[in-house]
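Each chain is listed here by its residues.
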Amino acid sequence: MTDLAGKTVLVLGGSRGIGAAIVRRFVAGGAKVSFTYSGSEAAALAIAAETGAEAIKTDSADRDALVATVAGAGALDVIVINAGIALMGDPLTLDPDAVDRMIDINVRAPYHAAVEAARKMNDGGRIIVIGSVNGDRIPFPGVTAYTMTKSAMQGMVRGLARDFGPRGITVNVIQPGPTDSDMNPADGPMADLMHTTMAIKRHARADEIAEYAAYLAGPHAAMITGALQTIDGGFGA
Ligand code: NDP
């Protein structure tokens, strides 16, 4: 597989789950990959050892550190903004500080990282954000603040696509549905309920999301921009 040969790629949040699958897929495609992590040092070092990608400890909630890491990555061809957390529960009882931290990681960080990446990004570059189908549809209670953060990504990619389009840079949001990971295990307590809303009644594998990201980063996707890339087994249908 050489579809990403010669590309310089930064993945935010590559230590586990979907981000780790993206690191693996991009390395397999021939890219030079670095990735960030925050809390999962052992997992990050294991992915680095397995793939040869560079692991960089950077908390997305720390704007100065995040911007420094993105700037330090130099002229990127691709940034994949995957790092995210999901805080769920009754909005009347959720800890407001925890909600604000989620907004920092899921909204403020993607914006500042995308803008910083674009400063030095090569023409024809790719900005890929991992949002969620919940940005379109939320059939259950208790997910309001998370959904709000993912809907924000829709507006962000539409706007940045206009801002950076003249340089041939595309900006898209991948919107997974339920995907097997620590955040949302395929055998978790909510799995059966989620599957009732899906046309294909199973969690996606992280490598299926990674394949979509590789396509968007690859040579055939230059005209796809400002768009919602939903891969959800029909969750939102
Ligand atoms: P996981 O919890 O399995 O992994 C999250 C990843 O993000 C880890 O690598 C984690 O690194 C990193 N991360 C989290 N917070 C920070 C932070 N503050 N700074 C840097 N890195 C951070 O989640 P998933 O793989 O399931 O989710 C990845 C993305 O996909 C998220 O944006 C999520 O919202 C989205 N998504 C997931 C779905 C699902 O069903 N799984 C469905 C739709 C969207 P570390 O542990 O090192 O901090």
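Report on the accompanying structure. Keep in mind that what you see is a predicted model, and the values were worked out from it rather than measured.

Examining the packing of aromatic side chains
Then, in step 1: For the structure shown, the criterion picks out one aromatic pair.
Then, in step 2: With 6.3 Å between their ring centres and 70° between their planes, F140 and F235 make a pair best called edge-to-face. Linking F140 in the loop between strand 5 (126-130) and helix 5 (144-164) with F235 in the segment after strand 7 (227-231), this pair joins segments that are 95 residues apart in sequence. Across this residue pair, the class does not change: F140 and F235 are buried.

Regarding the site of the ligand
Then, in step 1: Near the ligand, the surroundings consist of 32 residues, among which S15, S40, D59, Y146 and S181 are the closest.
Then, in step 2: In this structure, Y146 approaches the ligand through a side-chain N or O atom, which is 2.7 Å from an oxygen atom.
Then, in step 3: Protein coverage of the free-state accessible area of the ligand, which is 890 Å², stands at 95%.
Then, in step 4: The cavity where the ligand resides is the largest pocket.
Then, in step 5: Elements with a contribution of two residues or more to the shell around the ligand: helix 1 (17-28), helix 4 (96-120) and helix 5.
Then, in step 6: Taken together, the residues of the shell around the ligand sort by class into ten nonpolar, 17 polar and five charged.

Structural notes on the packing of helix 1 against helix 2 (residues 41-51)
Then, in step 1: Helix 2 packs onto helix 1 with a crossing angle of 15° between their chain directions and a minimal axis gap of 10 Å. By the angle between their directions, the pair helix 1 and helix 2 is classed as roughly parallel. Of the two possible hands of crossing, helix 1 and helix 2 adopt the one that is right-handed. Of the residues in helix 2, those in contact with A20, V23, R24 and V27 of helix 1 are I47, E50 and T51.
Then, in step 2: Of the residues in the contact of helix 1 with helix 2, the class split is four nonpolar, one polar and two charged.

Conventions used here
Residues numbered from 1 in each chain as written. Predicted model: local features only at pLDDT ≥ 70, side-chain atom pairs only at ≥ 80, totals over all residues. Heavy atoms only, no water. Phe/Tyr/Trp six-rings, centres within 6.5 Å; stacked < 30°, edge-to-face > 60°. Helix = DSSP H or I, 4+ residues; strand = E, 2+ residues; numbered from the N terminus. Buried < 20%, exposed > 50% of the residue type's maximum accessible area, 1.4 Å probe, protein only. Near = heavy atom within 4 Å. Polar contact = N/O pair within 3.5 Å; in protein donor to acceptor, adjacent residues only side chain to side chain. Areas by Shrake-Rupley, 256 points an atom, 1.4 Å probe, with all protein chains shown as cover. 1 Å grid on protein atoms, 1.4 Å probe; cavity = no way out; pocket = protein on both sides within 12 Å on 5 of 7 lines; lining within 4 Å. Sits in = over half its atoms within 2 Å of the grid points. Nonpolar A, V, L, I, M, F, W, Y, C, P; charged D, E, K, R; others polar. Axes fitted to C-alpha atoms, helices over the stretch in contact; angles between N-to-C directions. Parallel < 35°, antiparallel > 145°, perpendicular 65-115°, else oblique. Left-handed = near helix turned anticlockwise from the far one by under 90°. Contact = heavy atoms within 4.5 Å.

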